[in-house]
Amino acid sequence: MTVLLTGGTGFIGSHTAVELLDAGHAVVLADNYSNSKPSVADRVTAITGQAVVAQEIDLLDRAALERVFQEHEFDAVIHFAGLKAVGESVAKPLEYYTNNLVGTLNLLQCMRARGVRRLVFSSSATVYRSDNPVPYREDYPTGATNPYGWTKVMIEQQLRDLAASEPAWSVVLLRYFNPIGAHPSGLIGEDPNGIPNNLVPFVAKVAAGVLPEVRIFGDDYDTPDGTGVRDYIHVMDLARGHRLALENIRPGVQTYNLGTGRGSSVRDVIAAYEEACGHAIPASVAPRRPGDLASVYADPALAARELGFTTEYSLLDMCRDSWHWQTTGAVAAA
Ligand code: NAD
Ligand code: UDP
């Protein structure tokens, strides 16, 4: 297949590009580089040995997007592009709704105009309402507590409405849990601007001596060690999930969790990272972060059954690859 990856030079997009190229698919990466760098495409080429078409496109620029669809015959689109910082979305709701919703609507209009009706969308575990019991199952009710989360809920709804009105559409909603890690080459990985908000990028910077200590947001949750539990998934496993979703795509809307089904606490993550980097990581307990849940993890059974997707990488693998990226690729990319 020839696949358009919006947000293709981002963290998950770039790993998925490698996975698709290695499996014999062709990719075009479209990104406005608001949260990634053009050099990522060269690194994808360095890993795969294959030429990659990368185009600087803002999804808000409908005319530019139409030109991309005129220049290439796409069999499918994987739609990663979007703003994704929860806290920033609370401060800048209009920017988030405009970028994520209008960007998606432009994409869907272009796809329809060119007869491209296969779409895989980057959704998130954040669409599950917080009163659901864990593990989260795809048929649980959705909702959100911040503008970022609402953009995911709303885009899922747009896609369900579209597919209901035009049965030619084949849509897969992939609800990611907590993607971490990096390509084992150390050439591509997560490269957040400024001080990271997410746990593992933050721990990586403390391990590297760039930040002084990890603040553990609460140790009085109802979890085995009192710290928050999440379902961390290696980005390489996640990338394979996208390929399987694409290769098994069928008419209608399918929704799959992409997670391991296993929960790890903040202290588990710090301990695994200490093992990966070979030294102690300073950490202290701080107050709970507003809005955080005690425990979030996936029921991964549906993706296993329908896509044949099961994860292969352990938490230690994820931390090792994150550390390799932190100490080689991330520094070189800066
Ligand atoms: P990322 O920021 O690394 O990648 C997103 C890419 O989209 C970036 O390269 C950015 O420059 C690009 N982009 C943003 N707005 C654009 C626009 N208007 N036009 C063109 N390009 C645009 O993020 P990621 O971690 O790779 O996430 C990919 C997708 O997965 C996002 O939609 C995100 O919301 C979703 N997701 C991520 C996580 C996570 O923890 N990383 C979890 C659940 C869902
Ligand atoms: N967390 C933490 N310190 C940090 C960042 C996160 O203790 O500096 C905790 C957070 O409370 C949660 C877990 O780590 O329990 C994962 O947080 P992250 O922001 O990575 O993911 P999310 O909360 O979006 O699932």
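It should be noted that the structure appears before, not after, this text.
Okay, so let's go over this structure. In this text, all values refer to a predicted model and were calculated from it rather than measured experimentally.

Let us look at empty space enclosed by the protein. Under the criterion given, the structure shown has one cavity of 30 Å³ or more. A volume near 40 Å³ is recorded for the largest cavity. What lines the largest cavity is H79, A81, G82, N100, T104, F121, T151, K152 and I155. Among the secondary structure elements, those contributing two or more residues to the lining of the largest cavity are helix 5 (93–114) and helix 6 (147–165). The element best represented in the lining of the largest cavity is helix 6, accounting for three residues. Tallied by class, the residues present in the lining of the largest cavity amount to three nonpolar, five polar and one charged.

Okay, the site of ligand 1 next. Taken together, 25 residues sit near ligand 1, with D31, N35, S36, K84 and Y148 positioned nearest. Between ligand 1 and S36 there is a distance of 2.7 Å, counted from an oxygen atom to a side-chain nitrogen or oxygen. Expressed as a share of its isolated accessible area of 820 Å², the protein-covered part of ligand 1 is 95%. Class assignment of the residues belonging to the shell around ligand 1 gives a composition of ten nonpolar, eleven polar and four charged.

The omega torsion of the bond from V134 to P135 falls at -5 degrees, within 30 degrees of zero and hence cis. Looking at the secondary structure, you find P135 in the loop between strand 5 (118–124) and helix 6. Phi at Y33 takes a positive value of approximately 60 degrees, unusual for a residue other than glycine. Of note, Y33 is situated in the loop between strand 2 (26–31) and helix 2 (39–48).

The rules behind these values
- Residues numbered from 1 in each chain as written.
- Chains lettered and ligands numbered in written order.
- Predicted model: local features only at pLDDT ≥ 70, side-chain atom pairs only at ≥ 80, totals over all residues.
- Heavy atoms only, no water.
- 1 Å grid on protein atoms, 1.4 Å probe; cavity = no way out; pocket = protein on both sides within 12 Å on 5 of 7 lines; lining within 4 Å.
- Points joined across faces, edges and corners; volume = space filled by probe spheres on them.
- Helix = DSSP H or I, 4+ residues; strand = E, 2+ residues; numbered from the N terminus.
- Nonpolar A, V, L, I, M, F, W, Y, C, P; charged D, E, K, R; others polar.
- Near = heavy atom within 4 Å.
- Polar contact = N/O pair within 3.5 Å; in protein donor to acceptor, adjacent residues only side chain to side chain.
- Areas by Shrake-Rupley, 256 points an atom, 1.4 Å probe, with all protein chains shown as cover.

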